[in-house]
Amino acid sequence: MNSTAQTPPKQPAPGQAARVVLVLDDHVALREELAEYFGSMGYQVMQAGDGPSLSVALRQHRPDLAVLDIDLPGWNGIEIAQAIHRRDPSIRIILMTGNPNWVTPALSTSSGAFALVEKPIELARLSRVVKAALL
């Protein structure tokens, strides 16, 4: 992951709850790094590493945004995005992939995805995409 200068945590407006970002990636280090980054930006963060932990997380809280890795064991991130979108189309979805073979399927499906971000993740670009998704 390419990091750039981190921006100080933003605080929600008075009386406004922090936006909730769900990070789904089976690579623990990347998932935790993204969770820490989003937390530093003032977002409340949920994490999941696979389908079962995602199901648990979604039953506990509704995210405003889901950042999903595509290349996962079992269900792929496109299928997960489609399921989330069918359940709640107001949840914004960003797909991530380091595998160029997933780019075309991700962009040509009705996954409900707002954007696709390629790995290695550039935090500055991801931050811009997240902010645009949550407008």
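Because the structure is predicted, anything quoted here is derived from the model rather than measured.

**Points about the side chain of S111**
Residue position: S111 is located in the loop between α4 (103-107) and β5 (115-118). A polar atom in the side chain of S111 sits 3.2 Å from the backbone nitrogen of A113. In this view, S111 contacts I78, A81, Q82, H85, I93, L95 and A106; residues no more than four positions away in its chain are not counted.

**Re the packing of aromatic side chains**
Aromatic ring pairs are described here by two measures, namely the spacing of the ring centres and the angle between the planes. All chains considered together, the criterion is met by two aromatic pairs. A ring pair is formed by Y37 and F38, whose centres lie 6.1 Å apart and whose planes are at 55 degrees; its orientation type is tilted. Measuring from centroid to centroid gives 6.3 Å for F38 and Y43, while their planes differ by 80 degrees, and the two rings are edge-to-face. Y43 matches F38 in its accessibility class, with the two residues each being buried. These aromatic residues form a ring-pair network of at least three members: Y37, F38 and Y43.

**Quick notes on the side chain of R31**
Within the element layout of this structure, R31 appears in helix α1 (residues 28-40). Among buried charged residues, R31 stands out as having no salt bridge; its nearest opposite-charge side chain is E32, 5.3 Å away. Apart from the residues within four sequence positions on either side, R31 is in contact with V23, D25, D26, Q47, A48 and G49.

**Observations regarding the nonpolar core**
Ranked by size, the top nonpolar core spans 22 residues in total, and within it L22, L24, L54, L68, I80, I84 and L95 carry the most contacts. Counting residues in each nonpolar core, the second largest holds 21 residues, with V23, L34, L123 and L134 among its members.

About the criteria used
Residues numbered from 1 in each chain as written. Predicted model: local features only at pLDDT ≥ 70, side-chain atom pairs only at ≥ 80, totals over all residues. Heavy atoms only, no water. Helix = DSSP H or I, 4+ residues; strand = E, 2+ residues; numbered from the N terminus. Polar contact = N/O pair within 3.5 Å; in protein donor to acceptor, adjacent residues only side chain to side chain. Contact = heavy atoms within 4.5 Å. Phe/Tyr/Trp six-rings, centres within 6.5 Å; stacked < 30°, edge-to-face > 60°. Buried < 20%, exposed > 50% of the residue type's maximum accessible area, 1.4 Å probe, protein only. Lys, Arg positive; Asp, Glu negative; His and termini not counted. Salt bridge = Lys/Arg side-chain N within 4 Å of Asp/Glu carboxyl O. Core = buried A, V, L, I, M, F, W, Y, C linked by side-chain atoms within 4.5 Å.

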